[in-house]
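A look at the structure
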Amino acid sequence: MEDSMSILKLSGAEREFLERKANAATSEQRFVFRARIILLTAHGLSTTRIAEQLNTVRCTVSKWRRRFREKGIDGLYDAKRPGQPGKY
């Protein structure tokens, strides 16, 4: 059974951008993961199926879907945090 959050329409530009980022070898892996969530959502997969396929939990899938619905592609990037930038 598909859940109501799995209904998501992407514009052609959004889909193209997310697919390009998800397949680029130089893309940050956090963003790739988030882009895959949105692309699988647009394909109609349920929260549970996406979580299983990406080896994560349902609440993570729901979080990134919600952020995308609220802010679009900008919502998939890390939010600015106070203090000194992180060191990777």
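Residues numbered from 1 in each chain as written. Predicted model: local features only at pLDDT ≥ 70, side-chain atom pairs only at ≥ 80, totals over all residues. Heavy atoms only, no water.

Let's talk about helix α1 (residues 12–23)
Under the 1.5 Å per step criterion, the end-to-end length of α1 is 16 Å for 12 residues, consistent within 8% with the ideal 16 Å. On its buried face, α1 is in contact with α2 (29–42) and α4 (58–71). (Helix = DSSP H or I, 4+ residues; strand = E, 2+ residues; numbered from the N terminus. Expected span 1.5 Å × (residues − 1). Contact = heavy atoms within 4.5 Å.)

Brief notes about the side chain of Ser27
Tracing the backbone through its elements, the reader meets Ser27 in the loop between α1 and α2. Engagement of the side chain of Ser27 in a polar contact is seen with the backbone oxygen of Lys21, the distance being 2.7 Å. Other than its neighbours up to four places away in sequence, Ser27 contacts Lys21 and Val32. (Polar contact = N/O pair within 3.5 Å; in protein donor to acceptor, adjacent residues only side chain to side chain.)

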